[in-house]
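Structure at a glance
If you want the building blocks of each chain, they are given just below.
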Amino acid sequence: MTAILTDYSPRERLAALLRVPVRNALAQRADAIRSSLPPRPLDDARARLVWLRSLDQDQARRAALLHRLDALCEHVSGSPALGYDPRDPLPAAALEEADGFTDAATALLVADYRARRAVSAG
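What comes next concerns the included structure. (Residues numbered from 1 in each chain as written. Predicted model: local features only at pLDDT ≥ 70, side-chain atom pairs only at ≥ 80, totals over all residues. Heavy atoms only, no water.)

1. Brief notes about helix H1 (residues 10–36)
Rules: Only DSSP runs of H or I with at least four residues qualify as helices, and only runs of E with at least two residues qualify as strands; both kinds are numbered from the N terminus onward. By this rule the span expected of a helix is its residue count minus one, scaled by 1.5 Å. Categorising residues by exposure relies on relative accessible area from a 1.4 Å probe, with only protein chains included: less than 20% of the type maximum marks a residue as buried, more than 50% marks it as exposed, and the intermediate range marks it as partly exposed.
Taking 1.5 Å of rise per residue, the 27 residues of H1 would be expected to cover 39 Å, and the 39 Å separating its terminal C-alpha atoms lies within 8% of that figure. Three or more residues of H1 are buried, namely Leu14, Ala15, Leu18, Val22, Ala25, Leu26, Ala27, Arg29, Ala30 and Ile33.

Structure representation (structure tokens):
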């Protein structure tokens, strides 16, 4: 039998509500950065290394942020990323990267989620 949303704790319900808007904010940021960088080779590791070495300092910084945003997008979408607890649907890093890139209603839900997380951790 499938569990319905009311079977979850308030924090789990908030996480379910926040997944899409947080993922969308991360994806939009990643797309903006991706479009500002030279095209990145996808299939060849050697070509990616050459690409990475060809970037200037600012581009390399944005490429690192792009990599982080892509990993967080995948994690929030359900594919755990290295360095993040696979049981945590919304790592603090994802929420931090989405800060300022969501609407006011989502920002309030994020604040509530963080408060509930702090209470359960403390």
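2. Thoughts on the side chain of His75
Stated precisely, the cut-off is as follows: Pairing of N or O atoms within 3.5 Å defines a polar contact, subject to two protein rules: one partner must be a possible hydrogen donor and the other a possible acceptor, and residues neighboring in sequence count only if both atoms are side-chain atoms.
Within the secondary structure, His75 is located in helix H3 (residues 57–76). Taking the relative accessible area as the measure of exposure, His75 reaches 2% and is therefore buried. A polar contact is formed between the side chain of His75 and the backbone nitrogen of Ala81, at a distance of 3.0 Å.

3. Remarks on the nonpolar core
We count it as follows: Nonpolar cores were defined as sets of buried Ala, Val, Leu, Ile, Met, Phe, Trp, Tyr and Cys residues, with membership established by side-chain atoms within 4.5 Å. Every residue pair with non-hydrogen atoms within 4.5 Å of one another is taken to be in contact.
Val22, Leu26, Leu90 and Tyr113 are the most contacted members of the largest nonpolar core, which totals 26 residues. For this core, the secondary-structure elements that each account for two or more residues are H1, H3, helix H4 (92–98) and helix H5 (104–121). Considering each element in turn, this core owes the most residues, 9 residues, to H1. For Leu90, the contacting residues outside a window of four places in its chain are Ala15, Leu18, Arg19, Val22, Val76, Leu95, Tyr113 and Arg117.

4. Section: the environment of Pro10
Tracing the sequence through the fold places Pro10 in helix H1. Residue class for Pro10 comes out partly exposed when judged on its relative accessible area of 37%. Sequence separation of Pro10 and Tyr113 is 103 residues, and the distance between their C-alpha atoms is 8.7 Å.

5. Focus: the packing of H1 against H3
Quick reminder of the rule: The convention used is that axes are lines fitted to C-alpha atoms, helices contributing only their stretch in contact, and that angles between N-to-C directions extend from 0 to 180 degrees. Reported orientations rely on four angle classes, namely roughly parallel under 35 degrees, roughly antiparallel over 145, roughly perpendicular from 65 to 115, and oblique for the rest. Less than a right angle of anticlockwise turn of the near helix away from the far helix marks a crossing as left-handed, whereas a clockwise turn marks it as right-handed. In this classification, Asp, Glu, Lys and Arg are treated as charged, Ala, Val, Leu, Ile, Met, Phe, Trp, Tyr, Cys and Pro as nonpolar, and every other residue, Gly included, as polar.
Here H1 crosses H3 at 155°, and the two axes come no closer than 9 Å. Relative to H3, the element H1 lies roughly antiparallel. Judged by the sense of rotation from one axis to the other, the crossing of H1 with H3 is left-handed. On H3, the residues touching Arg19, Val22, Arg23, Leu26, Ala27, Arg29, Ala30, Ile33, Arg34 and Ser36 of H1 are Arg62, Leu65, Leu66, Leu69, Asp70, Leu72, Cys73 and Val76. Residue classes in the contact of H1 with H3 are distributed as 11 nonpolar, 1 polar and 6 charged.

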